[in-house]
Amino acid sequence: MSPSQERWRLSRVQYPDDPALNYAVDLAIAEHVARGAAPPTVRLWQPGRCLAIGRFDSRLPHFPEAVRHMKAQGLTLAQRMSGGKAVWQSEGFLNFSVIAPKKAAPMGIAEAYRKFSEGLRLGLRTLGVETSFQHIKGAFCDGPYDLAVADKKLVGTAQVQKRGFIIVHGTMPVDGALDEMIEKISEFYERAGQPIRLRKETMTTLAAELGRPLPIEKLIEVLCEGFQSSLGHLSGRELLKSEWQRAHKWLEEVKL
């Protein structure tokens, strides 16, 4: 099916004051998309201040102690269903989520990353920022599908394919503080018993690449255009009542 024939929903729903709810919303949407009760959805959202933990981090030797330590600082921790390491979220970051049905013909991990990150890459290209998939060691949540600019990580991505749905989502420091991000992520893994070394020179922000600040609303506008080019028309529609209800039930599992 060509992009012009796809029917996608655009959601701007975001909860910066309740960051874990943002991840619960993704899961509620995914369940509805899986059974055809909601259309495939693109979300562009500001996350709020939190540490979003990958699903395998709970296996770390001192995970409960690390969670308690971070929460004692007044931080919110959210458990992602997707893999990868923890990502820091705060003011100055923008997240994207692409939620699609998992159809009978299987889609490989690499293919899903390419297809559902393309809108982001196209949008950034209109701003003069060219990205490519690279594994940037020493960056936050490093992996083979980091979106990088000239060997510096700009966007962290993660994916889950489960229960009839695919979620490809990620986070981009627009003008977010990299020093704080490095500090919080390092502190968590030190306490969890698996110290990691993050290097600031392996990462960048969108503002640094542009050489100027960019209002979030303008960024969202160009990213919407990118996703429309890659996926098809985006129709701004409200979430269903049942999606809201399910999101609040998921919150009990997502918030640590």
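Everything that follows concerns the structure shown earlier in this document.
The sections below set out a description of the structure shown in this document. (Residues numbered from 1 in each chain as written. Predicted model: local features only at pLDDT ≥ 70, side-chain atom pairs only at ≥ 80, totals over all residues. Heavy atoms only, no water.)

### As for the overall build of the chain
Definition in use: Put simply, DSSP H or I for four residues or longer makes a helix, DSSP E for two residues or longer makes a strand, and each gets a number counted from the N terminus. When we talk radius of gyration, it's over C-alpha atoms, and the globule rule is simply 2.2 Å times the number of residues to the 0.38. Working definition: with a 1.4 Å probe on protein chains only, accessible area under 20% of the residue-type maximum means buried, over 50% means exposed, and in between means partly exposed. Throughout, a contact is declared for two residues whenever any of their heavy atoms are within 4.5 Å. Per-residue accessibility takes into account occlusion by the displayed protein chains alone, with areas from the Shrake-Rupley method and a 1.4 Å probe. Positive charges come from Lys and Arg, negative ones from Asp and Glu, while His and the chain ends are left out of the count. For this purpose, a charge sits on NZ of Lys, CZ of Arg, CG of Asp or CD of Glu.
Along the backbone of the chain there are seven helices and eleven strands. Computed over C-alpha atoms, the radius of gyration of the chain comes to 17 Å, within 12% of the 18 Å expected from 2.2 N^0.38 for 256 residues, which places it in the range of a compact globule. When its C-alpha atoms are laid out on the principal axes, the chain stretches across 50 × 40 × 35 Å. Relative to its full complement of 256 residues, the chain shows a buried share of 57%. Long-range pairs, those at least 24 residues apart, make up 78% of the contacts in the chain between residues at least 6 apart in sequence. Working note: accessible area of the chain is about 11100 Å², and carbon and sulfur atoms make up 50% of it. Of the charged side chains in the chain, 35 are positive and 29 negative; the average position of the first set lies 5 Å away from that of the second.

### Digging into the nonpolar core
The condition is simple: We call a set of buried residues a nonpolar core when its members are Ala, Val, Leu, Ile, Met, Phe, Trp, Tyr or Cys and they connect through side-chain atoms within 4.5 Å of each other.
Core analysis: the biggest nonpolar cluster contains 53 residues, and Leu51, Leu77, Met181, Ile185, Phe188, Met203 and Val254 have the highest contact counts within it. The biggest single contributor to this core is helix 1 (residues 19-34), with ten residues. If sequence neighbours within four positions are ignored, Met203 has contacts with Gly138, Ala139, Phe140, Lys152, Lys153, Leu178, Met181, Ile182 and Leu198. If you look at the next biggest cluster of nonpolar residues, it comprises 36 residues, including Leu44, Phe96, Val98 and Leu147.

### Focus on the side chain of Asp26
Quick note on the threshold: Contacts described as polar in this section are N or O atom pairs within 3.5 Å, which, within protein, must combine one atom able to donate a hydrogen with one able to accept it, while residues neighboring in sequence count only if both atoms come from side chains.
With respect to the helices, strands and loops of the structure, Asp26 is situated in helix 1. Judged by its relative accessible area of 2%, Asp26 is buried. Only 2.8 Å separates the side chain of Asp26 from the side chain of Arg43, close enough to count as a polar contact. Apart from the residues within four sequence positions on either side, Asp26 is in contact with Arg43, Trp45, Ser97, Ile99, Ile167 and His169.

### Some remarks on the sheet that holds strand 4 (residues 76-79)
What counts, and what does not: Being paired, for any two strands, means DSSP has found at least two bridges between them. Lines fitted to C-alpha atoms define the axes, with helix axes restricted to the stretch in contact, and inter-axis angles between N-to-C directions lie between 0 and 180 degrees.
The strand order across the open sheet built from three strands is 4-3-5, with neighbouring strands paired in mixed fashion. Each end of this open sheet is capped by a strand with a single partner; those strands are strand 4 and strand 5 (87-89). This sheet shows a mean twist of 25° between the axes of neighbouring strands, independent of strand direction. Taken together, the four bridges between strand 3 (residues 50-53) and strand 4 define a ladder with parallel strand orientation. Residue Ala52 lies in a different strand from strand 4, and its bridge partner there is Ala78.

### Observations concerning the packing of helix 1 against helix 7 (residues 241-254)
The cut-off we apply is this: We call two directions roughly parallel when the angle between them is under 35 degrees, roughly antiparallel when it is over 145, roughly perpendicular when it lies between 65 and 115, and oblique otherwise. Crossings are classed by handedness, with left-handed meaning an anticlockwise turn of the near helix from the far one by less than a right angle and right-handed meaning a clockwise turn. Note on residue classes: Ala, Val, Leu, Ile, Met, Phe, Trp, Tyr, Cys and Pro are nonpolar, Asp, Glu, Lys and Arg are charged, and everything else, Gly too, is polar.
Relative to each other, helix 1 and helix 7 sit at 125°, their axes nearing to 7 Å. In terms of orientation, helix 1 lies oblique with respect to helix 7. The handedness of the crossing between helix 1 and helix 7 comes out as right-handed. Contacts between helix 1 and helix 7 pair Ala20, Leu21, Tyr23, Ala24, Val25, Leu27, Ala28, Ile29, Glu31 and His32 from the former with Ser242, Glu243, Arg246, Ala247, His248, Trp250, Leu251 and Val254 from the latter. Of the residues assigned to the contact of helix 1 with helix 7, the class counts are twelve nonpolar, three polar and three charged.

### Examining unusual backbone geometry
One non-glycine residue, Ala150, adopts positive backbone phi at about 50°. By the secondary structure assignment, Ala150 is in the loop between strand 8 (146-149) and strand 9 (152-162). With a phi angle near 70°, Asp151 is a residue other than glycine that sits in the positive phi range. Summarising the element assignment, Asp151 is placed in the loop between strand 8 and strand 9.

Taken by themselves, the reported measurements are silent on function.
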